[in-house]
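# Structural overview for review
Next come the chains, spelled out residue by residue.
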Amino acid sequence: MKLLSVLAFLLCVQPAAATGPLLIKRDLPGWEISKPDFYNAKQLYGYINGGAEVYLEYGFRQVTAQSATKGSHELQVDVYEMVNAEAAFGMYSLLRGACTSQLSGSEWSCVRPEQILVAKDKFLISVIPYDKSGETRSAAKT
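Structure report, in brief.

What counts and what doesn't
- By convention here, each chain's residues receive numbers from 1 onward along its written sequence.
- A pLDDT threshold of at least 70 governs which residues receive local features in this predicted model, and a stricter bar of 80 or more applies before side-chain atom pairs are shown or counted, although totals over entire chains, interfaces and linings include all residues.
- The basis for every side-chain value is the complete set of non-hydrogen atoms in the structure, without hydrogens or water.
- Here a strand is any run of E in DSSP of at least two residues, a helix any run of H or I of at least four, and the numbering for each starts at the N terminus.
- Whether two residues are in contact is decided by their heavy atoms: any pair within 4.5 Å suffices.
- Here's how the labels work: a residue is buried when its accessible area is under 20% of the maximum for its type, exposed when over 50%, partly exposed in between, all with a 1.4 Å probe on protein chains only.
- Whenever Lys or Arg places a side-chain nitrogen within 4 Å of a carboxyl oxygen from Asp or Glu, that contact is recorded as a salt bridge.
- Each nonpolar core is a collection of buried residues, namely Ala, Val, Leu, Ile, Met, Phe, Trp, Tyr and Cys, held together in the definition by side-chain atoms within 4.5 Å.
- Working definition: a disulfide is two cysteine sulfur atoms within 2.5 Å of each other.
- Two aromatic rings, drawn from Phe, Tyr or Trp (for Trp, its six-membered ring), form a pair once their centres lie within 6.5 Å of each other, and the interplanar angle then sorts them: stacked below 30 degrees, edge-to-face above 60, tilted otherwise.

### Here we look at the environment of Tyr-55
With respect to the secondary-structure elements, Tyr-55 resides in helix α3 (residues 52–57). In the structure, Tyr-55 is positioned 36 residues away from Met-91 in sequence and 7.0 Å away in space, judged by C-alpha atoms. When neighbours within four sequence positions are excluded, Tyr-55 is seen to be in contact with Leu-44, Ile-48, Phe-60, Tyr-80, Met-82, Met-91, Leu-95 and Leu-124.

Structure follows, in structure tokens:
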């Protein structure tokens, strides 16, 4: 199962009060998954180092950040919880840029070499592969 597909599935089955989907070991077998870090509105400026104002204007609630590593391969998964689906889609629209492709089965997804974005319900999911290897890119799409 693809990582973003798994995250999208978790969005559908998790209670509304939950903080959002989390990356777990079975999502990426053989990869080390970090414990999640959570950042609220007051902490967002320090986490994303610029651009926080736009997220806050759109109704940012919290971001859950995790990394995954396998040898020299690394990727970052950030799940931004917004106030509602419209806010998540608004941020997606602002950030998406020129997409090279979309993920199968995900209506609001954008694949670019430097980032994969998905808007699903009240969540904006960002996956950043830190190296250009095929293994890391494949894991990011997963």
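There's more to say after this.
### What about unusual backbone geometry?
Backbone geometry follows two general trends: most residues other than glycine have a negative phi, and most peptide bonds adopt the trans configuration. With phi around 50°, Asn-49 is a residue other than glycine that occupies positive phi space. Structurally, Asn-49 is set in the loop between α2 (41–48) and α3. With a relative accessible area of 70%, Asn-49 lands in the exposed category. Phi angles above zero are rare outside glycine, and Asp-121 is one such case at about 55°. Secondary-structure assignment places Asp-121 in the loop between β6 (115–120) and β7 (123–129).

### Focus on the pattern of salt bridges
Under the defined criterion, the tally for this structure stands at 4 salt bridges. For Lys-70, the salt bridge is made with Glu-135, and the minimal N-O distance between the two is 2.9 Å. With Lys-70 in strand β3 (residues 60–70) and Glu-135 in helix α5 (residues 134–141), this pair connects stretches of sequence that are 65 residues apart. Residue Lys-70 is classed as partly exposed on the basis of its relative accessible area of 31%. With relative accessibility at 34%, the residue Glu-135 sits in the partly exposed group.

### Section: the environment of Leu-124
By secondary structure assignment, the location of Leu-124 is in strand β7. Taking the C-alpha atoms as reference points, Leu-124 and Gly-90, separated by 34 residues in sequence, lie 9.5 Å from one another. If we skip the residues at most four places from it in the chain, Leu-124 touches Tyr-55, Asp-78, Val-79, Tyr-80, Ala-88, Met-91, Tyr-92, Leu-95, Leu-117 and Val-118.

### Side note on the nonpolar core
In this structure, Leu-28, Trp-31, Ala-68, Leu-75 and Val-127 are the most contacted members of the largest nonpolar core, which totals 17 residues. For this core, the secondary-structure elements that each account for two or more residues are β4 (73–82), β6, β7 and α5. Leu-44, Met-82, Leu-117 and Ala-119 belong to the second-largest nonpolar core, a separate cluster that totals 15 residues.

### Details of the state of the cysteines
Counting across every chain of the model gives 1 disulfide. The disulfide partner of Cys-99 is Cys-110, and the gap between their sulfur atoms is 2.0 Å. Disulfide Cys-99-Cys-110: the torsion about the S-S bond is -115°, which places it as left-handed. With a gap of 11 residues between them, Cys-99 in the loop between α4 (85–95) and β5 (109–112) and Cys-110 in strand β5 connect regions that are remote in the sequence. What makes Cys-99 partly exposed here is its relative accessible area of 27%.

### Examining the packing of aromatic side chains
Counting across every chain of the model gives 7 aromatic pairs. Judged by centre distance (4.8 Å) and plane angle (25°), the rings of Tyr-55 and Tyr-80 are stacked. Separated by 25 residues along the polypeptide, Tyr-55 in helix α3 and Tyr-80 in strand β4 bring together distant segments of the chain. Exposure class is identical for Tyr-55 and Tyr-80. Each is buried. Among the aromatic side chains, those forming a connected cluster through ring pairs are Tyr-55, Phe-60 and Tyr-80.

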